[in-house]
Amino acid sequence: MMLKLDVKPMRSMAFACMFAGLAGAFALSPQVVLAQPAAAVRGLPDFTDLVDQVGPSVVNIRTVEKASSRANASGMDEEMLEFFRRFGVPIPNAPKQQRPQRPQDEDQQPRGVGSGFILTADGFVMTNAHVVEGADEVIVTLTDKREFKAKIVGADKRTDVAVVKIEATGLPAVKVGDLNRLRVGEWVMAIGSPFGLENTVTAGIVSAKQRDTGDYLPFIQTDVAINPGNSGGPLINMRGEVVGINSQIYSRSGGFMGISFAIPMDEAIRVSEQLRASGRVTRGRIGVQIGQVTKDVAESIGLGKAQGALVTGVEAGSPADKAGVEAGDIITRFDGKPIEKVADLPRLVGNTKPGTKSAMTVFRRGASRDLGITIAEIEPDKPAAKAAEREEKPKASAAAQQIGLAVTELTDAQKKELKVKGGVLVAAATDAAARAGLREGDVILAVANTEVSGVKEFESVLGKADKGKAINVLYRRGEWAQYALIRPGR
């Protein structure tokens, strides 16, 4: 239930009381002088000089990738296209031709738009890892409209930081700010390309620091308006210094809802230095599973204060195991630094160079113990896109190739899960099959009104079909079964 207040009467009453009080005061003493406010009211900040100063250092980043086998003429998401097809609704922005033109596998298609900023005068540019992830080509556009093809130097998914390099010199590099001077409540500004609108300026205040939303990053929380396309752009303080990289928003609608998060620049610089040196980031690990220390647990074991990281498991053969860490220990200090909350430990360990011998304090059965531990290296993330490129594609028969299909057998487990007796799994769909709406992961149950139990029968039925006519295919996607008409050679 929402309580609505009528502001106008309250305001009128307040003014009435005020004037009544003033009138009484002047009546009692004509010489009364109104007291001055204790502090002068500050005006709103002017960001124009900051825009002139930092604006030239902000870039637009556009990525492109090779057209996928499921490319469609409208450029619309395949799930949304399926909705229009299923209910017979005309597809918005569809071309005038009745059928999309044949997709060309080697065509370059726009993938996304993001932001970035010039880190050094010789062409190193910083942005978010998710902006350049999976891109075949990265194009950086400066404010003077010059465009450069950029090389991805390295990207780190855990912190969402990436560095790209363009071949240029004498560029206007940003100044990096001191995070220790950043205060909650101070004004900050963002420049980026929300929804592709380049050089858009928004402003707000720092809402919080050290906001925990991940294992390795204490984010800066602001109320600066950030939207898709702002990712990778700088967060700038009133001294014209970059203090963060705009990275995330809290949203239930996909748009800005008043809360945004920026990667602190001290963390981003630490990551960028490793990326520029070796193209990847190395992090330390000790091999423990940890949890939060509650107030009740702290009091019951004699720790007193709810602090540290509770060890819930120790990996066999890990550095922690070799150092003598046990399940139930509470890690209270690492390398002399206190562990105030559970998220502090992964950050401190992660930022420690593998091979380093560190000191760690644990609280066990009412007493603190100091342990020596040698830090191991956490396994780097495997680039999923590159791994997928190395996977061998299923071979298709000549008949299947003509309509752009490659299929594989369904396993017994898949048949049981889908509750089907037979069928084949679509491993790839291109050309005519893609135009008909088929895609990887679909299960074909019948071809030309003939049920297929497996790949061999599928190829047999397809080989006998009249290639001059449309071939009807009954397929299943999720819980829904439907027909598609494949028209070869069109």
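Residues numbered from 1 in each chain as written. Predicted model: local features only at pLDDT ≥ 70, side-chain atom pairs only at ≥ 80, totals over all residues. Heavy atoms only, no water.

> Explain the overall build of the protein here, please?
When helices and strands are counted, the protein shows 13 helices and 27 strands. Every one of the 490 residues in the protein was classed for burial, and the buried ones make up 41%. Looking at the protein alone, contacts between residues at least 24 apart form 61% of all its contacts between residues at least 6 apart. (Helix = DSSP H or I, 4+ residues; strand = E, 2+ residues; numbered from the N terminus. Buried < 20%, exposed > 50% of the residue type's maximum accessible area, 1.4 Å probe, protein only. Contact = heavy atoms within 4.5 Å.)

> Before we go on, may I ask you to explain a nonpolar patch on the surface in this structure?
Nonpolar side chains collect at one region of the surface, where L44, W187 and M238 lie side by side and expose about 310 Å² of accessible area between them. Secondary-structure assignment places L44 in the loop between α1 (7-28) and α2 (48-54). (Patch = residues over 30% accessible without salt bridge, like charges linked within 9 Å, V, L, I, M, F, W, Y side chains within 5 Å. Areas by Shrake-Rupley, 256 points an atom, 1.4 Å probe, with all protein chains shown as cover. Salt bridge = Lys/Arg side-chain N within 4 Å of Asp/Glu carboxyl O.)

> Sorry if this is basic, but what is going on with helix α13 (residues 455-464) here?
Within an α-helix, residues lying three or four positions from one another point in the same direction, as the helix has 3.6 residues per turn. Along α13, the positions that sit buried rather than exposed are V455, F458, V461 and L462. An end-on view of α13 places all buried positions within 130° of arc, on one side of the element. Those residues of α13 that are exposed and aimed more than 90 degrees away from the buried face are K456 and K464. (Arc of directions from axis to C-beta.)

> How should I be thinking about empty space enclosed by the protein in this particular structure?
In this approach, a probe sized like a water molecule rolls over the atoms, and the result shows the empty space that is left. Tallied over the full model, the rule gives one cavity of 30 Å³ or more. Computed from the structure, the largest cavity encloses a volume of approximately 60 Å³. Around the largest cavity sit V58, V59, N60, T141, L142, T143, G192, S193, E198 and N199, which together line it. In terms of residue count, the dominant contributor to the lining of the largest cavity is strand β1 (residues 58-66) (three residues). Taken together, the residues of the lining of the largest cavity break down into three nonpolar, six polar and one charged. (1 Å grid on protein atoms, 1.4 Å probe; cavity = no way out; pocket = protein on both sides within 12 Å on 5 of 7 lines; lining within 4 Å. Points joined across faces, edges and corners; volume = space filled by probe spheres on them. Nonpolar A, V, L, I, M, F, W, Y, C, P; charged D, E, K, R; others polar.)

> When you look at the layout of surface pockets in this model, what are you seeing that I'm missing?
Computed from the structure, the second largest pocket encloses a volume of approximately 460 Å³. Taken together, 20 residues line the second largest pocket, and the ones lying closest to its centre are Q210, P218, D266, E267 and R347. Class assignment of the residues belonging to the lining of the second largest pocket gives a composition of seven nonpolar, four polar and nine charged.

> What is the right way to look at helix α5 (residues 265-278) in this model?
Compared with an ideal rise of 1.5 Å per residue, which puts 14 residues at 20 Å, α5 spans 20 Å between its outermost C-alpha atoms and is within 8% of the ideal. Looking at α5, one finds that the buried residues are M265, E267, A268, V271, S272 and L275. The arc enclosing the buried residues of α5, seen along the axis, measures out at 145°, which places them on a common side. The exposed set on the far side of α5, more than 90 degrees from its buried face, consists of E273, A277 and S278. Phi for G279, located one or two positions after α5, is positive at around 80°. (Expected span 1.5 Å × (residues − 1).)

> Just to check I follow, could you spell out the environment of V311 for this structure?
Of note, V311 is situated in strand β16 (residues 309-314). Between the C-alpha atoms of V311 and V293, which are 18 residues apart in sequence, the distance is 9.5 Å. When near neighbours in sequence (up to four residues on either side) are disregarded, V311 contacts V288, Q289, V325, E326, A327, G328, D329 and I331.

> Teacher, can you tell me more about the packing of aromatic side chains here?
Two measures describe an aromatic ring pair: the distance that separates the ring centres and the angle between the ring planes. For the coordinates displayed, the defined rule picks out two aromatic pairs. For the pair F47 and W187, a centre-to-centre distance of 6.0 Å together with 70° between the ring planes defines the contact as edge-to-face. Taken together, the positions of F47 in the loop between α1 and α2 and W187 in strand β8 (residues 187-192) put the pair 140 residues apart, joining distant regions of the chain. Ring plane angle 65° and centroid distance 6.1 Å describe the contact between F219 and F261, whose orientation is recorded as edge-to-face. With F219 in strand β10 (residues 218-222) and F261 in strand β13 (residues 260-264), this pair connects stretches of sequence that are 42 residues apart. There is no split in this pair, since F219 and F261 are both buried. Its guanidinium or amino end placed over the ring of F124, K165 lies 5.4 Å from that ring's centre, counting from NZ or CZ. We note R276 situated over the ring of F124; from NZ or CZ to the ring centre the distance is 4.3 Å. (Phe/Tyr/Trp six-rings, centres within 6.5 Å; stacked < 30°, edge-to-face > 60°. Lys NZ or Arg CZ within 6 Å of the ring centre and 35° of its normal.)

> Would you mind going over the pairing of strand β20 (residues 367-374) with me for this structure?
The side chains of a regular strand alternate between both faces of the sheet. Two strands pair when backbone bridges link them, and strand β19 (residues 357-364) and β20 are joined in this way by eight bridges, in the antiparallel orientation. From the neighbouring strand, S358 faces β20, where its bridge partner is I373. (Pairing = 2+ DSSP bridges.)

> Got a minute to help me understand the pattern of salt bridges in this structure?
Oppositely charged side chains may form a pair once their charged atoms are brought near each other. Scanning the model with the defined rule gives 16 salt bridges in all. Linking R283 and D156 is a salt bridge whose minimum nitrogen-to-oxygen distance equals 2.5 Å. Note that R283 is positioned in the loop between α5 and β14 (284-285) and D156 in strand β5 (residues 147-156), a separation of 127 residues in sequence. By relative accessible area, R283 is classed as buried at 4%. Because the salt bridges share partners, they merge into one network encompassing E326, D329, R364 and R365.

> How should the pairing of strand β12 (residues 241-249) be read in this particular structure?
Extensive coverage of β12 is indicated by the burial of seven of its nine residues. By the bridge criterion, two bridges tie strand β7 (residues 175-176) to β12 in an arrangement that is parallel. Residue V176 lies in a different strand from β12, and its bridge partner there is V242. Between strand β11 (residues 234-237) and β12, which pair antiparallel one after the other, the connecting turn spans three residues, and G240 there sits at a positive phi close to 80°.

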